[in-house]
Amino acid sequence: MRTVLTYGTFDLFHVGHLNLLNRARAHGDQLIVALSTDEFNLKMKNKVTAIPYPDRKKILEALRCVDLVIPENNWEQKIEDVLKHQVDTFVMGHDWEGKFDFLNEYCEVVYLPRTENISSSEIKTHISKGRTTQIKAAV
Ligand code: C2G
């Protein structure tokens, strides 16, 4: 049983998140997602999440490709999470390229291509500007 682990906020869930999770899941037999808590986002990422943690968790838990959702409370928990859950592969989008190479000592580290044309911040901007056109289809 190969276990994959990834981290993220997954606010305003969109197809870029779904693509990442499906691609991450394909690297093993089960996928664990460490979901950033509202407090962690606010204090450590300076991001106000639009959707509260319980609702973001419920969406992820409903996905076929996700087996378990755990909280991400701080930047320092990754090694402990990898060891505790006997993770074989750690996956992140390539906007994090190199940032988590220290985990190579404990598991495989994989950075996957991001999905173009979509992000939670783009969605927020699109709505706040009252755009009448659609966001371009993600590639
Ligand atoms: N992602 C993607 N394509 C997009 C948007 C996001 O592949 N168009 C990926 C990101 O690269 C990340 C995951 O989806 O791997 C979750 O993205 P965010 O919710 O923005 O997560 P982030 O704020 O980057 O938090 O400790 C790591 C952090 O918790 C990651």
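First, a word on scope: everything that follows refers to the structure included in this document.

1. A short note on the overall build of the protein chain
Okay, so step 1: Within the protein chain, the regular secondary structure consists of five helices and five strands.
Okay, so step 2: For the protein chain, the sequential pattern of α-helices and β-strands runs β-α-β-α-α-β-α-β-β-α.
Okay, so step 3: Compactness check: the protein chain gives a C-alpha radius of gyration of 15 Å against a globular reference of 14 Å for 139 residues, within 12% of the reference.
Okay, so step 4: Taken along its principal axes, the extent of the C-alpha atoms in the protein chain is 50 × 30 × 30 Å.

2. Examining the site of the ligand
Okay, so step 1: Neighbouring the ligand are 21 residues; Lys-47, Glu-72, Asp-95, Thr-115 and Ile-118 lie closest to it.
Okay, so step 2: At 3.0 Å, a side-chain N or O of Lys-45 approaches an oxygen atom of the ligand.
Okay, so step 3: Alone, the ligand offers 640 Å² of accessible surface; in the complex the protein occludes 95% of this.
Okay, so step 4: Sorting the residues of the shell around the ligand by element identifies strand E1 (3-8), helix H1 (15-25) and strand E4 (89-93) as the ones contributing at least two each.
Okay, so step 5: Per-element tally for the shell around the ligand: the top contributor is H1, with three residues.
Okay, so step 6: The residue makeup of the shell around the ligand, split by class, is seven nonpolar, eight polar and six charged.

3. A short note on the environment of Pro-71
Okay, so step 1: Looking at the secondary structure, you find Pro-71 in strand E3 (residues 68-72).
Okay, so step 2: Overall, the relative accessible area of 37% leaves Pro-71 in the partly exposed class.
Okay, so step 3: Counting along the chain gives 11 residues from Pro-71 to Val-82, while the straight-line C-alpha distance between them is 13 Å.

Thresholds applied
- Residues numbered from 1 in each chain as written.
- Predicted model: local features only at pLDDT ≥ 70, side-chain atom pairs only at ≥ 80, totals over all residues.
- Heavy atoms only, no water.
- Helix = DSSP H or I, 4+ residues; strand = E, 2+ residues; numbered from the N terminus.
- Rg over C-alpha atoms; globule rule 2.2 N^0.38 Å.
- Near = heavy atom within 4 Å.
- Polar contact = N/O pair within 3.5 Å; in protein donor to acceptor, adjacent residues only side chain to side chain.
- Areas by Shrake-Rupley, 256 points an atom, 1.4 Å probe, with all protein chains shown as cover.
- Nonpolar A, V, L, I, M, F, W, Y, C, P; charged D, E, K, R; others polar.
- Buried < 20%, exposed > 50% of the residue type's maximum accessible area, 1.4 Å probe, protein only.

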